[in-house]
Amino acid sequence: MTRTDLYGVWSCLLQNQPVEIVAENLDNAKLNDYRIGLQNLITDNVEQPLMQTKVTVTFRDYKKSVRLTLPDLMVNLCMWGFVLEAGHTLKPWHLFFCKKGIDKKAIANYINKYAIIPNRETMDPKRLNEMIYTNHKTLKFAEKFALFYNNSINHEDFILMANACPEFDELMHKDYSNLPADQMNAEAMKDCNRIIELILESKKWIGRDHCLADAFRAKVGVKPKQFREMISNIGIKPNGEGGIFPHSIDASYMRGGLNRFEWMVAEAGIGRQAQILSKQNTADSGAFARVLGLNQIDTSLYTDEFGNVDPDYDCHTKNFVEVTLTEENIEMYQDRFFRLHPDGMEYNTGCLNTLRHDLVGQTIYLRSPITCASAARGQGICRKCYGNLFMGNRIVNIGKIAAELISQTLTQLMLSAKHLLEAKISKIEWSIPQEQFDQFFTFDDEDIYVNSEFLGGKKWLIHIDRDSVDTETVVSMSDSDGDGDDFDILRDYITQFEIITPEGEVIEIHGTNNECLYLQDEFCKLINSKQYEDETDIFIPITDLQQSRIPVFGVGIYNDDLGKNLKEVMSIINLKTKTCNYTRHEILRDFINKLIDCGMGGIRSVHAEIIIMNQIRAVDDVLLKPDWDYPDQEYRILTLRQALETNPSIQVTMQYENLARTLYKPISFRKTAPSKLDMFAHVQPQVYMAEKVESEVQTKPLFEIIEKPEDLNN
Ligand SMILES: [Zn+2]
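**Student:** How should the overall build of the chain be read in this particular structure?
**Tutor:** When helices and strands are tallied, the chain shows 31 helices and 19 strands. Looking at the 714 residues of the chain, the share that counts as buried comes to 30%. The contacts in the chain between residues at least 6 apart in sequence include a share of 67% that link residues at least 24 apart.

The structure is reproduced here in structure tokens:
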């Protein structure tokens with residue numbers, strides 16, 4: 001093989017001849033040859049001075065040129081594929097160069113800006129996906145050179161840094177043992193971030209990059225929080241039951257490690273806890289993902305009578321969702337249509353660099369799937385209500401995607417070990433001052449007892465509204481022999497109760513985040529023993545509880561830190577007392593704020609809106625959607641559970657829990673809506689799989705297809 005075969009146009013570089021690329025002449029076929037040739041050249045010469053050669057790229061139309069080193073050029077050849085494969089010509093702004101190192105966000109931005117946004121309206125989405133996939137894959141070449149560019153780990157670089165830089169040395173050896181437990185980890189984290197800064201400027205100290213410099217630049221490979229335990233301080237550790245171990249670990253793995261017996265116990269304990277919790281949480285999050293997906297399965301985009309997606313159709317809804325835009329949430333509302341006044345003009349929020357930051361602080365009237373008139377009629381969400389993701393998402397099940405995006409990220413949050421490595425001292429904040437609460441109650445682990453020192457007398461009462469008692473499935477069990485009935489272990493809980501003083505004054509008590517207060521078994525027995533029972537209310541004299549020493553409530557036993565985010569998101573869409581009392585504006589606001597709290601601000605709001613849309617029904621008939629053609633239309637919001645039980649499709653409800661009840665409930669016999677799931681109930685589902693499910697019209701009867709066997713052969 002000659003050099004020209006191997007290196008193509010780049011073989012000139014070996015003879016010290018300059019190479020110039022004219023951007024306007026580049027096309028996709030040429031680009032591919034350039035990429036292969038250059039990769040071969042770099043592979044063979046990565047240790048040679050040739051690597052410092054620069055290649056000129058000229059933009060003739062703009063009378064501009066730029067000189068790139070071979071590695072920079074290689075990265076650019078990969079990135080230009082996104083532009084050229086879609087048939088565009090290369091412009092100066094398509095150059096890809098990141099001063100602080102390339103991270104995945106920079107690559108994603110480039111793809112959004114130059115591949116997706118210019119092409120999503122015109123290009124077939126499958127083709128666009130394929131183009132992004134193939135070009136993104138070309139960047140894999142970098143892996144080959146990972147070791148050459150010192151992307152490894154060694155102790156030597158840390159020692160060199162400590163010797164050369166006094167601040168680095170001091171931070172590595174700092175003593176945290178004199179700090180209070182709640183400050184220890186925060187202080188170590190602050191120092192760890194400084195150590196990372198020093199590593200990023202390591203060239204200044206040791207004359208070359210520290211082995212982890214590239215990892216921190218690219219923000220992959222090492223997480224700062226885990227690095228903290230490695231280099232600065234391990235600190236306090238959670239015990240997996242909401243508390244912390246009494247011994248903080250005043251060492252890092254590089255400096256001493258677990259060299260005391262109690263530290264080893266703490267680390268071994270939390271390792272074991274992590275396994276137990278993640279097993280429990282996998283079940284919880286799996287069930288949530290499945291149920292959430294089920295309720296969205298029949299969501300679709302608007303199509304005309306021939307089944308084609310129609311981007312020009314507008315449902316002209318008279319109802320909107322009021323959204324107050326903030327710096328935190330504006331990116332979630334990219335690409336959406338809105339008005340500044342319900343009867344005013346319609347605008348678009350823009351995206352990326354055209355995003356309308358001037359709208360921050362304003363309340364807009366958002367066109368949303370929640371109030372899309374065409375979706376409510378069963379004809380699919382129109383483009384104006386869905387926003388500009390409409391064209392790109394026309395090849396996917398938009399309902400399943402919405403559920404998937406939200407549940408998979410939550411699952412990741414719950415299962416990832418990094419949350420276990422973080423000790424959080426969490427405590428319920430009560431609606432009344434803590435001193436007042438302590439006067440009435442005491443804690444023993446996770447049980448709440450009436451304070452034995454409370455001197456109130458028989459006239460003080462605890463009041464619980466029977467209607468406010470909810471039931472939670474703690475765990476589902478099945479008989480060990482496998483053929484018996486499944487059974488659930490249920491626990492009753494409330495989120496608030498009252499104390500009534502002898503004067504009749506009512507003190508309302510609840511956790512500020514509506515934490516579950518589980519009614520303990522003995523307490524349930526006591527209140528069910530009839531002596532306190534009324535029709536709907538339970539009144540118990542405080543002294544009765546004082547004497548019997550029965551725990552009143554349990555808190556947080558199944559509400560560990562890992563499950564907290566999921567529980568809170570769930571409570572917005574699936575807690576009767578909360579979900580059903582929201583307006584559509586409030587539920588979206590709280591849902592979005594919660595997603596932001598969980599670090600899920602990268603998800604577009606439209607997906608959350610689809611989930612809400614599928615839980616909204618007409619006031620007069622729970623099987624119907626509100627008619628959004630009329631202004632100020634009334635509606636009601638159901639919990640996810642209610643939405644599934646009253647889903648207009650019988651197939652969907654039958655896929656949900658408690659099939660036996662579904663089969664005899666009267667509402668089941670009123671359900672006639674079709675579902676994508678219907679196909680699986682057919683004798684030959686494969687015949688129907690490619691058919692579109694009509695929302696109004698019935699699907700073709702089976703015999704029509706069997707009568708024309710010649711059609712099947714073609
Ligand atoms: Zn619409």
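**Student:** Which parts of the structure should I look at to understand unusual backbone geometry?
**Tutor:** In this model, Asp632 sits at a positive phi of 50°, which is unusual for a non-glycine residue. By secondary structure assignment, the location of Asp632 is in the loop between β18 (616-617) and β19 (636-637). A positive phi angle is found at Asn658, which is not glycine, with a value near 55°. Exposure remark for Asn658: the 12 C-beta atoms within 10 Å place this residue in the exposed category.

**Student:** Can you walk me through the pairing of strand β3 (residues 64-69) in this structure?
**Tutor:** Bridging between strand β2 (residues 54-59) and β3 involves six bridges; their strand directions are antiparallel. Of the residues in β3, the one forming a bridge with Phe59 is Lys64. In this antiparallel pair of consecutive strands, β2 and β3, the connection spans four residues, and Lys63 shows a positive phi of 50°.

**Student:** Sorry, what's going on with the packing of helix α4 (residues 70-84) against helix α5 (residues 104-119) here?
**Tutor:** A packed helix pair is summarised by two numbers, namely the angle formed by the two axes and the spacing between the axes. Relative to each other, α4 and α5 sit at 30°, their axes nearing to 8 Å. In terms of their interaxial angle, α4 and α5 are classed as roughly parallel. Viewed along their axes, α4 and α5 form a crossing whose handedness is right-handed. Contact residues: α4 offers Met79, Phe82 and Val83, while α5 offers Tyr110, Ile111, Tyr114 and Ala115. Of the residues contributing to the contact of α4 with α5, the split by class is seven nonpolar, no polar and no charged.

**Student:** It is not clear to me how the sheet that holds strand β13 (residues 496-500) should be interpreted in this structure. Could you clarify?
**Tutor:** Two strands in a sheet stick together by hydrogen bonds in their backbones, pointing the same way (parallel) or opposite ways (antiparallel). With antiparallel pairing, four strands are arranged side by side in an open sheet as β14-β13-β10-β16. Each edge of the open sheet is held by one strand with a lone partner, namely β14 (506-510) and β16 (537-541). Each neighbouring strand pair of the sheet contributes to a mean axis angle of 25°, computed without reference to strand direction.

**Student:** Any chance you could explain helix α8 (residues 156-164) here in plain terms?
**Tutor:** Count 3.6 residues to each turn of an α-helix, and residues three or four apart come out pointing the same way. Asp157, Phe158 and Met161 are the residues of α8 that are buried. All buried residues of α8 fall inside an arc of 100° around its axis, so they share one side. Those residues of α8 that are exposed and aimed more than 90 degrees away from the buried face are Glu156, Ile159 and Asn163. Where α8 is buried, its residues meet α9 (166-172) and α11 (202-206).

**Student:** Any chance you could explain the environment of Val619 here in plain terms?
**Tutor:** Within the secondary structure, Val619 sits in the loop between β18 and β19. Residues in contact with Val619, not counting those within four places in the same chain, are Glu634, Tyr635 and Arg636.

**Student:** Is there a simple way to think about the nonpolar core in this case?
**Tutor:** General note: in soluble globular proteins, nonpolar side chains tend to be found buried as a group. Membership of the largest hydrophobic core comes to 63 residues, with the highest contact counts inside it found for Cys372, Ile611 and Ile612. Once you skip the residues sitting within four places of it in the chain, Cys372 turns out to touch Cys315, Thr317, Ile381, Cys382, Cys385 and Trp628.

**Student:** Could you clarify how one ought to interpret the sheet that holds strand β1 (residues 20-22) in this entry?
**Tutor:** Sheet architecture is open: three strands sit in the order β1-β2-β3, paired in mixed fashion. Among the strands making up the open sheet, the edge pair consists of β1 and β3. On average, each strand axis in the sheet is inclined to that of its neighbour by 25°, with strand direction left out of account. Relative to β2, β1 runs parallel, the two sharing three bridges. The residue bridging Glu20 from the neighbouring strand is Thr56, located in β2. α4 rests against β2 and β3 of the sheet, and its axis sits at about 115° to β3.

**Student:** Honestly, the environment of Lys676 in this entry has me stumped. Any pointers?
**Tutor:** The topology assignment puts Lys676 in the loop between α28 (659-664) and α29 (685-688). Between the alpha carbons of Lys676 and Ser649 there is a distance of 9.6 Å; along the sequence they are 27 residues apart.

**Student:** Sorry if this is basic, but what is going on with the confidence of the model for the chain here?
**Tutor:** The predicted coordinates of low-pLDDT regions are not to be read in fine detail. Model confidence for the chain is summarised by a mean pLDDT of 85, while 88% of its residues fall at 70 or above. Taken as a whole, residues 474-487 scores under 50 in pLDDT and shows twelve contacts with residues more than four places along the chain or in a different chain. Residue range residues 695-714 is modelled with pLDDT below 50. Its contacts to residues more than four positions away, or to other chains, number eleven contacts.

**Student:** Explain the packing of helix α24 (residues 584-597) against helix α25 (residues 605-613) here, please?
**Tutor:** Where α24 contacts α25, the axes come no closer than 10 Å and their chain directions differ by 130°. Classified by the angle between their axes, α24 and α25 sit oblique to one another. The handedness of the crossing between α24 and α25 comes out as right-handed. In this structure, α24 contributes Arg584, Ile587, Leu588, Phe591, Ile592 and Leu595 to the contact, and α25 contributes Ser605, Ala608, Glu609 and Ile612. Among the residues making up the contact of α24 with α25, the classes are represented as seven nonpolar, one polar and two charged.

Thresholds, definitions, all that
Residues numbered from 1 in each chain as written. Predicted model: local features only at pLDDT ≥ 70, side-chain atom pairs only at ≥ 80, totals over all residues. Helix = DSSP H or I, 4+ residues; strand = E, 2+ residues; numbered from the N terminus. Buried ≥ 20, exposed ≤ 12 C-beta atoms within 10 Å, placed from the backbone. Contact = placed C-beta atoms within 7 Å. Pairing = 2+ DSSP bridges. Axes fitted to C-alpha atoms, helices over the stretch in contact; angles between N-to-C directions. Parallel < 35°, antiparallel > 145°, perpendicular 65-115°, else oblique. Left-handed = near helix turned anticlockwise from the far one by under 90°. Nonpolar A, V, L, I, M, F, W, Y, C, P; charged D, E, K, R; others polar. Arc of directions from axis to C-beta. Core = buried A, V, L, I, M, F, W, Y, C linked by C-beta atoms within 7 Å. pLDDT = per-residue confidence, 0-100.

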